[in-house]
Amino acid sequence: MSSVERGTQNNQAKTRPPPPPNNYISITMTTRVPLSTDDIIAPTDGKDSYYAKIPILKRRATTGSDSKKDPICVIVVGMAGSGKTTLMAQLQKSLNLRDEGDDNAAANNNNNAIESTPSPQSKRAGYAINLDPAAKYIPFSSSIDIRDTVDYIEVMRQHKLGPNGAILTCLNLFATKFDQVMAILERRAFPLENGGGGDENDDGGDKKSDGGPPAKEEDEAKSKTDETQQQQQQCHVDDNSNNGAADDADDTTTPNTTTTTSNTSPLDYILIDTPGQIEAFTWSASGTIVTSALATAFPTVLAFVVDTPRCAASVHTFMSNMLYACSMLYRAKLPMVIVLNKIDIVGCEFVKEWMEDYDSFQEALDEASSANGYSDEMAGGGSGYYASLTRSLSLVLDEFYNHLHKVGVSAATGEGVEEFWTVVEQAAEDYEEGYLVDLKNRVEEQRMKERAMQRVGARKLVRDLQEDGQL
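Starting afresh in each chain, residues are numbered from 1 along the sequence in its written order. Where totals are concerned, whole chains, interfaces and linings use all residues; where local detail is concerned, this predicted model gives features only for residues with pLDDT of at least 70, and gives and counts side-chain atom pairs only at 80 or more. Values reported for side chains reflect all heavy atoms of the structure, with hydrogen atoms and water molecules removed beforehand.

**Some remarks on the overall build of the protein chain**
- The helix and strand labels rest on DSSP assignments: H or I over at least four residues marks a helix, E over at least two residues marks a strand, and numbering proceeds from the N terminus. Across its full length, the protein chain holds 20 helices and seven strands.
- Burial classification: accessible surface area is computed with a 1.4 Å probe over protein chains only, and a residue below 20% of its type maximum counts as buried, one above 50% as exposed, and the rest as partly exposed. Expressed as a percentage of its 471 residues, the buried residues of the protein chain come to 40%.
- Residue pairs at least 24 apart in sequence account for 77% of intrachain contacts in the protein chain once pairs closer than 6 positions are excluded.
- Computed with the Shrake-Rupley method and a 1.4 Å probe, the accessible areas treat only the protein chains shown as cover for residues. For the protein chain, the computed accessible surface area is about 26,400 Å², with 51% contributed by carbon and sulfur atoms. Whether two residues touch is decided by their heavy atoms; if any such pair falls within 4.5 Å, the residues are in contact.

**What to know about the packing of helix H15 (residues 315-332) against helix H17 (residues 358-369)**
- Axis definition: a line fitted to C-alpha atoms, limited for helices to the stretch in contact. Angles are taken between N-to-C directions and run from 0 to 180 degrees. Following both chains from N to C, one finds H15 and H17 inclined at 135°, their axes separated by 10 Å at the closest point. Accordingly, the angle class assigned to the pair H15 and H17 is oblique. Two secondary-structure elements touch here, H15 through Val315, His316, Phe318 and Met319 and H17 through Phe361, Ala364, Leu365 and Ala368.
- Classifying every residue of the contact of H15 with H17 by side-chain character gives seven nonpolar, one polar and no charged. By the definition adopted for this analysis, an angle is roughly parallel if under 35 degrees, roughly antiparallel if over 145, roughly perpendicular if from 65 to 115, and oblique otherwise. Residues are sorted three ways: Asp, Glu, Lys and Arg are charged, Ala, Val, Leu, Ile, Met, Phe, Trp, Tyr, Cys and Pro are nonpolar, and all the rest, Gly among them, are polar.

**Considering the sheet that holds strand E3 (residues 144-145)**
- In short, DSSP must find at least two bridges between two strands for them to pair. What the seven strands build is an open sheet, ordered E3-E2-E4-E1-E5-E6-E7; its pairing is parallel. The sheet is open, and its two borders are formed by E3 and strand E7 (405-408), each paired with just one other strand.
- As defined by bridge partners, strand E6 (residues 336-341) adjoins E7 across four bridges and the pair is classed as parallel. For Ile338, the partnering residue across the bridge sits in E7 and is Lys406.
- Packing of helix H20 (residues 417-467) onto the sheet brings it into contact with strand E1 (72-78), strand E4 (269-273), strand E5 (300-307), E6 and E7, and relative to E7 it is tilted by some 170°.

**Section: the confidence of the model for the protein chain**
- Taken as a whole, the protein chain shows an average pLDDT of 74; of its residues, 64% reach a score of 70 or greater.
- pLDDT is a residue-level measure of predictor confidence that goes from 0 to 100. The low-confidence segment residues 39-44, where pLDDT is below 50, has 12 contacts with residues more than four positions distant or belonging to other chains.
- Between residues 372-382, whose pLDDT stays under 50, and residues either more than four places distant or in other chains, the model counts 15 contacts.

**A closer look at the pairing of strand E2 (residues 126-130)**
- Taken across its five residues, E2 has four buried, putting it largely inside the fold.
- Sheet analysis places E2 next to E4, joined by five bridges and oriented parallel. Each residue of the ladder has a partner; that of Asn130, found in E4, is Asp273.
- In the sheet, E2 pairs with E3 via two bridges, with the strands oriented parallel.

**Here's the deal with a nonpolar patch on the surface**
- For patch detection, residues must exceed 30% relative accessible area and be free of salt bridges, and they are connected within 9 Å for like charges or within 5 Å for nonpolar side chains (Val, Leu, Ile, Met, Phe, Trp, Tyr). Just to be clear on terms, a salt bridge is a Lys or Arg side-chain nitrogen sitting within 4 Å of an Asp or Glu carboxyl oxygen. Together, Tyr385, Tyr386 and Leu389 make up a nonpolar patch on the protein surface, roughly 330 Å² of accessible area in all.
- Relative to the assigned elements, Leu389 resides in helix H19 (residues 385-401).
- A relative accessible area of 33% means that Leu389 is categorised as partly exposed.

**Quick look at helix H16 (residues 349-356)**
- Taken as a whole, H16 has its buried residues at Val351, Lys352, Trp354 and Met355. Along the long axis of H16, the arc covered by the buried residues comes to 160°, so they all point the same way. H16 presents Glu349 and Glu356 as exposed residues on the side facing more than 90 degrees away from its buried surface. Note that the arc is defined by the directions from the helix axis to the C-beta atoms.

**Brief notes about the nonpolar core**
- Take the buried Ala, Val, Leu, Ile, Met, Phe, Trp, Tyr and Cys residues and link them wherever side-chain atoms come within 4.5 Å; each set so joined is a nonpolar core. Ile129, Leu185, Leu294, Phe298, Phe304, Phe318 and Ile338 are the most contacted members of the largest nonpolar core, which has 71 residues in total.
- Here the element with the most residues in this core is H15; it accounts for seven residues.
- Residues within four places of Leu294 in sequence aside, it is in contact with Cys73, Ile75, Phe178, Met182, Leu185, Ile272 and Thr300.
- In terms of nonpolar packing, the next biggest core, distinct from the first, is built from 29 residues, Val74, Ala89, Phe420 and Ala427 among them.

So, in structure tokens, the structure goes:
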């Protein structure tokens, strides 16, 4: 090697930079590029990634469906003895009667050879859920029943609890598996979007074995479908070979056809009956979980059942019911329907007048204060502090009444049930304009908070790199 080549290598060795420390990563950069916080923040998917966490927002963003295709979830709440369970039975009966009436009308039209198309709102499909673990008997057929999952008496015995504590514990245990309930409701409410199945037992098997809610098959709907299919098949069979043709028709019919036909009709309403002890559901963590899960998946309405005869006997009972309804509205932030039950005993016009006219309620208070004898009003101090408090509360609740829907029904006779469905539809519109808009705002607020936290971390990273001389 010549002396010139050795000199060149020595000069390159002198100009070579020292090796970096072990705790640093060597990055070779030809030019220094200034970085901003936006360059360091990880890219996000925008609102879609946040809407994917909310079922109703995700469904409407992906499928483009409108609110009219979503079933309305009605959570029936109220004081003990107000008639919640009986009202559930009457509501379910009204849906079944409407379907039977439409089927009979269609059969008559076919017999008379008159073509007519029933209105799209004539048929209504309902799905009932029972959340009262202490009920011995319920007068309606529930598709999902908490009693099939949790044994109320066994909870009392094992945990040494009283009645209310056992109800609360049963709700808490059921809430741990409520994601399975939501999966069943999603498949049943939108059978076409889920492959046209709608079978509750397709992925969970026996839910009771692992603490989940069992799913009941609709035997009556299946039997009705079987009879209809057999009648249609026999119409094409000759009179001389009825038996052989019927056997061939049975061989060509697959079992999945019956199941798909009975479960592919989308739901219109989801009815939920709550425990008689209202505080066990409304003021518990499990009640909040159930209500929030339903409200983020379907348009949800609270139906607060009021015992109208008790309100007629005492003005303060009416005020207590309204205060409780106001607290539930404040806690759930969902649209509410005041259901004035038992109008077959006492009319509800006076309650509506009290809610719409402030002076009318004040007159009722004056009459109660001036009543003779030892009535409930006088025992409560009608002319003293208690009456002053009631007047002040009524003035505060006057604005609360303006945002309420009210309807009078009779759970015993079925009077006012059709008007109830109309009012529920109006309350569902308030859900779209109120709760759903607030839900979108909360999602957007959460997205902006996370974005701000990313910016703070990016600024800190840029500052640290500048101090180390890397930028």
